[in-house]
Amino acid sequence: MDTCGSLRRSDVGRQVTISGWVNRRRDHGGLLFIDLRDHYGITQCVVEPDEKAFAAADQARSEWVLSLTGKVVARTAETVNSDLPTGEIEIRIEEVAVQSRAQELPLPVFGDMTYPEDTRLKYRFLDLRRERLHRNITLRSKVISSIRRRMIDGGFTEFQTPILTASSPEGARDFLVPSRLHPGKFYALPQAPQQFKQLIMVAGFDRYFQIAPCFRDEDARADRSPGEFYQLDLEMSFVTQDDVFAAVEPVLHGTFSEFADGRDCGPAQFPRIAYDESMLKYGNDKPDLRNPIVIADVSGVFAREDVAFKAFKGKTVRAIPAPGSASQPRSFFDRIDGWAKSEMGAAGLGYIVLEGEGGKGPIAKFLPPAALQALMEKCGLKAGDSVFFSADAKPERAALLAGHARTRIGRDLNLIDDKLFRFCWIVDFPMYEWNEDEKRIDFSHNPFSMPQYPREKFLALDRSDRDTILGLKAYQYDIVCNGIELSSGAIRNHDPDVMLKAFEIAGYAREETETKFAGMLNAFRYGAPPHGGTAPGIDRIVMLIAGEENLREVTMFPMNQQAQDLMMNAPSEVSPRQLKELHIRTVMPEKG
RNA sequence: GGGGGCGUAGCUCAGUUGGUUAGAGUGACGGCCUGUCACGCCGUAGGUCGCGGGUUCGAGCCCCGUCGCUCCCGCCA
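Residues numbered from 1 in each chain as written. Chains lettered and ligands numbered in written order. Predicted model: local features only at pLDDT ≥ 70, side-chain atom pairs only at ≥ 80, totals over all residues. Heavy atoms only, no water.

J.: What exactly am I supposed to notice about the overall build of chain A here?
T.: From N to C terminus, chain A includes 18 helices and 22 strands. Along the first, second and third principal axes, the C-alpha atoms of chain A reach 95 × 75 × 55 Å. Long-range pairs, those at least 24 residues apart, make up 67% of the contacts in chain A with a sequence separation of at least 6. For chain A, the accessible area works out to roughly 29,700 Å², and carbon and sulfur atoms hold 51% of it. (Helix = DSSP H or I, 4+ residues; strand = E, 2+ residues; numbered from the N terminus. Contact = heavy atoms within 4.5 Å. Areas by Shrake-Rupley, 256 points an atom, 1.4 Å probe, with all protein chains shown as cover.)

J.: How should I be thinking about unusual backbone geometry in this particular structure?
T.: Excluding glycine, a negative phi dihedral is what most residues carry, and trans is how most peptide bonds are arranged. Cis geometry marks the peptide bond from Ala-570 to Pro-571; its omega dihedral reads -5°. Mapped onto the elements, Pro-571 comes out in the loop between helix 17 (538–546) and helix 18 (576–581). Its identity is not glycine, yet Asn-414 carries a phi of approximately 60°, on the positive side. With respect to the secondary-structure elements, Asn-414 resides in the loop between helix 11 (395–412) and strand 17 (423–427). Taking the relative accessible area as the measure of exposure, Asn-414 reaches 69% and is therefore exposed. (Buried < 20%, exposed > 50% of the residue type's maximum accessible area, 1.4 Å probe, protein only.)

J.: Before we go on, may I ask you to explain helix 6 (residues 241–258) in this structure?
T.: Helical geometry: 3.6 residues make up each α-helical turn, so side chains three or four residues apart lie on a common side. Relative to the 26 Å expected for 18 residues at 1.5 Å per residue, helix 6 spans 26 Å between its end C-alpha atoms, a close match to the ideal helical length. Along helix 6, the helix axis deviates most sharply at Val-248, where the bend reaches about 25°; the proline Pro-250 sits within four residues downstream. For helix 6, the complete set of buried residues consists of Gln-241, Val-244, Phe-245, Ala-247, Val-248, Glu-249, Val-251, Leu-252, His-253, Gly-254, Thr-255 and Phe-256. (Expected span 1.5 Å × (residues − 1). Bend = angle between axes of the 7 residues up to and from the residue.)

J.: Looking at this structure, how should I read the sheet that holds strand 15 (residues 358–360)?
T.: As a general point, the strands of a sheet are linked pairwise by backbone hydrogen bonds and lie either parallel or antiparallel. Pairing in this open sheet of 5 strands is antiparallel, and the strands run 12-13-16-14-15 from one edge to the other. Pairing within the sheet leaves two strands with one partner each, and these edge strands are strand 12 (296–297) and strand 15. Where strand 14 (residues 350–355) lies against strand 16 (residues 386–392), 4 bridges are found, and the strand directions are antiparallel. Bridging from a neighbouring strand, Gly-350 pairs with Phe-389 of strand 16. On top of the sheet, helix 10 (residues 369–379) reaches strand 12, strand 13 (316–322), strand 14, strand 15 and strand 16; it is set at about 95° to strand 14, its chief contact. Against the sheet, helix 11 engages strand 13 and strand 16, with an angle of about 10° to strand 13. (Pairing = 2+ DSSP bridges. Axes fitted to C-alpha atoms, helices over the stretch in contact; angles between N-to-C directions.)

J.: Would you mind showing me how to read the protein's contact with RNA strand B here?
T.: With respect to spatial proximity, 51 residues lie near RNA strand B, and among them Arg-92, Tyr-115, Pro-116, His-445 and Asn-446 are the closest. Sugar plus phosphate: this is where 52% of the atoms of RNA strand B within 4 Å of the protein reside. Here a base oxygen of RNA strand B sits 2.8 Å away from a polar atom, N or O, in the side chain of Gln-44. Note that a phosphate oxygen of RNA strand B is positioned 3.1 Å from one of the backbone N or O atoms of Ala-222. Elements with a minimum of two residues in the surface near RNA strand B: strand 1 (15–27), strand 2 (32–38) and strand 5 (89–100). At 3 residues, the largest contribution of residues to the surface near RNA strand B is made by strand 1. Tallied by class, residues from the surface near RNA strand B come to 13 nonpolar, 20 polar and 18 charged. (Near = heavy atom within 4 Å. Polar contact = N/O pair within 3.5 Å; in protein donor to acceptor, adjacent residues only side chain to side chain. Nonpolar A, V, L, I, M, F, W, Y, C, P; charged D, E, K, R; others polar.)

J.: Any chance you could explain the packing of aromatic side chains here in plain terms?
T.: Any two aromatic rings considered together are summarised by their centre-to-centre distance and by the angle between their planes. Tallying each qualifying case throughout the model produces 27 aromatic pairs. Consider the rings of Phe-302 and Phe-312, whose centres lie 4.9 Å apart with planes at 70°: the pair is edge-to-face. One end of the pair, Phe-302, is in helix 8 (residues 299–303); the other, Phe-312, is in the loop between helix 8 and strand 13, with 10 residues separating them in the sequence. By relative accessible area, which is 10% here, Phe-312 ends up buried. Each member of the aromatic cluster is reached from another via a ring pair, and the members are Phe-245, Phe-256, Phe-270, Phe-421, Phe-423, Trp-425 and Tyr-477. Lying over the aromatic face of Trp-434, Arg-466 brings its terminal NZ or CZ to 3.8 Å of the ring centre. (Phe/Tyr/Trp six-rings, centres within 6.5 Å; stacked < 30°, edge-to-face > 60°. Lys NZ or Arg CZ within 6 Å of the ring centre and 35° of its normal.)

J.: For this particular structure, what's the right way to read the packing of helix 4 (residues 131–153) against helix 17?
T.: Angle between the axes and distance between the axes are the two parameters that describe a pair of packed helices. It is at 10 Å that the axes of helix 4 and helix 17 come closest, and there the two elements cross at 120°. One element, helix 4, and the other, helix 17, form an angle in the oblique class. Of the two elements, helix 4 crosses helix 17, and the hand of that crossing is right-handed. Each of Asn-136, Leu-139, Arg-140, Val-143, Ile-144 and Ile-147 in helix 4 lies in contact with helix 17, whose residues at this interface are Ile-538, Asp-539, Ile-541, Val-542, Ile-545 and Ala-546. Along the lines of polarity and charge, the residues of the contact of helix 4 with helix 17 split into 9 nonpolar, 1 polar and 2 charged. (Parallel < 35°, antiparallel > 145°, perpendicular 65-115°, else oblique. Left-handed = near helix turned anticlockwise from the far one by under 90°.)

J.: Honestly, the pattern of salt bridges in this entry has me stumped. Any pointers?
T.: One side chain can pair with another of opposite charge once the charged atoms of both are near each other. Throughout the structure, instances matching the rule amount to 45 salt bridges. In this structure, Glu-48 engages Arg-92 in a salt bridge whose closest nitrogen and oxygen atoms are separated by 3.0 Å. Highlighted residues: Glu-48 in the loop between strand 3 (41–47) and helix 1 (54–59) and Arg-92 in strand 5, separated in sequence by 44 residues. In this structure, the salt-bridge partner of Asp-442 is Arg-440, at a minimum N-O distance of 2.7 Å. For Arg-440, a relative accessible area of 33% gives the class partly exposed. Linked through salt bridges whose partners overlap, the residues forming this network are Arg-120, Arg-124, Asp-127, Arg-130, Arg-132, Glu-548 and Glu-553. (Salt bridge = Lys/Arg side-chain N within 4 Å of Asp/Glu carboxyl O.)

J.: Looking at this model, I keep getting lost on the sheet that holds strand 5. Mind explaining?
T.: The sheet built from 5 strands closes into a barrel, its strands ordered 1-2-3-5-4 with mixed pairing. Here the strands of the sheet are splayed against their neighbours by 55° on average, with no regard to which way each runs. Of the pairings in the sheet, the one linking strand 4 (residues 65–74) to strand 5 comprises 10 bridges and is antiparallel in character. Residue pairing in the sheet places Val-72 in a bridge with Ile-91 of strand 5.

J.: It is not clear to me how helix 4 should be interpreted in this structure. Could you clarify?
T.: Between its terminal C-alpha atoms helix 4 stretches 33 Å, which fits the 33 Å expected from 23 residues at 1.5 Å a residue. Among the residues of helix 4, those classed as buried are Leu-133, Asn-136, Ile-137, Leu-139, Arg-140, Val-143, Ile-144, Ser-146, Ile-147 and Met-151. Looking at the packing, one finds that the buried side of helix 4 touches helix 2 (117–122), helix 3 (124–127), strand 9 (207–216), strand 10 (227–237), helix 6 and helix 17. Following helix 4 by one or two positions, Gly-155 adopts a phi angle in the positive range, close to 90°.

J.: Please clarify how the pairing of strand 3 should be interpreted in this entry.
T.: Remark: a regular strand shows side chains that alternate across the two faces of the sheet. Burial runs high along strand 3: 6 of the 7 residues are buried. Note: strand 2 against strand 3, 7 bridges, orientation antiparallel. Residue pairing in the sheet places Leu-36 in a bridge with Thr-43 of strand 3. Remark: 2 residues form the turn of the hairpin made by strand 2 and strand 3, two consecutive strands paired antiparallel. As paired strands, strand 3 and strand 5 are joined by 2 bridges and run parallel to one another. Each residue of the ladder has a partner; that of Val-46, found in strand 5, is Arg-92.

J.: Is there a simple way to explain the environment of Ala-311 in this structure?
T.: The topology assignment puts Ala-311 in the loop between helix 8 and strand 13. Ala-311 sits 273 residues away from Asp-38 along the chain, and the two C-alpha atoms are 64 Å apart.

Below, the structure written as structure tokens:
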């Protein structure tokens, strides 16, 4: 079939019919051009006033749907459009069939202007016609198909798991679905097929994957859709952490390389960075390795006796080098400092500018030459650089602010090369963390991870061994690419005793764990293989490959940040009868 | 739940120190134009300056509140 993208010089002379939307209409009085657009491309069609099709063609407006019939003719050399694949030909319109008209558009399809998000979401079907979104969504399909092929080639088998399942006590807030048959009871939409995939391993299928929908009732971010998203969920039996890495690396690296379009994807094996090291050097657990800035701990420098800067004494001080920034205007430094105050809620970001042999800036005078020298060595600084400081009594807060500052400075100084993909594994996550608000020990990530600790010693742990417990690492790992967490995974805990103990340490009574995870615990008592896996986020992968900074640009029908679908009007009220059937009564919040 | 930014024509935006009748581009509509491909030229219509209150002789502009969108923090095993 002929399309708006298929006709070439070799088709000249043929009588064709093509259908599509009016992309653009150019009326020259004596000559009318209509650019007709479909999924495959754009073809210029032309008609003159003395021809019988002119009147009908003249009626057509932007985004009307037409079927145009006519002869394919070659354009003259001067009128060839080399920007279009179909630019060597045009169609002489002989017949016009109007399939559908269009009102004045709230969102023009033609052109590449930016439009407000709510308009784009409400008229998503129009936005999807536009080149950028149309291309992104098509790319998404190709990426998913490539991933699926690579997984199957790698010996994995795809299975579906339930969408209506049970609420789980750990993790994000669940989406609940009331049960009609069981008054007062609820299903939950799966936050991930976590327990199911482990049960699949117990069932003896040893290499599972699924492009799995996941549902979490949490607030949105640019890289986090509200409500629902997709993961490449995978799990393997009889494997070590290294085996999982070796299975996943070629899939991700291969997929990114396939669609890289000239961008550099880095080594096929991803570097491994321990969680603690990442927190120190990059100030977070999802470092953007395109950014060359490396944070250093300089608490020791400010603790020296010859350094009299009181504001930093006794605090954790992290230094964020800003290479080559000494020549930046004062406003650069003020802007960073102002940003730290207003957006990060910090006291500010001190800095020293290294010009010639000395240092300049508000706190330079507190550092005698020897201390400055020590600082420069510690951070790898040279003349022409400057350095910012993040200080806080709590090391975690100092690290976090430093991490944000590292990102901000790297961006402001244009140090981040957007033609790169830089992957890494973050490994050795802590098993537990201290919850200061509620004064108790929490799981720090996935409660199903295997602790990196001998079994007997782990079983003998007491909740009072707080330092030992908080020092425990887990076989828990993330994949990070360009500062985006792509994937979280673990070697799982398949030992019921260790699992009960692990939950007990986090404050769950044995009976409670037995009830909440009955299915899985029970299964582990009938022969469970050691297993592990991970689950890269599909939406984020596509976002990175598409070069977009927001998931909505790679999602066909996304919700807004308030988790509303502006096109379909979801969520919406339901009839009293529906509520009655579900044994549900709504109680509106009181307006505070 | 908290913080930052934004809100002016269908759409994208400008609007000076608070000053008279709020502008441009684009789109729509009409006219002219035979080679454009962001066609060009002329004209017409199109406004609750998000909403409410306040200050002022006078508010798009200043103040307070509120709503919406967005980015971030909290949250996201």
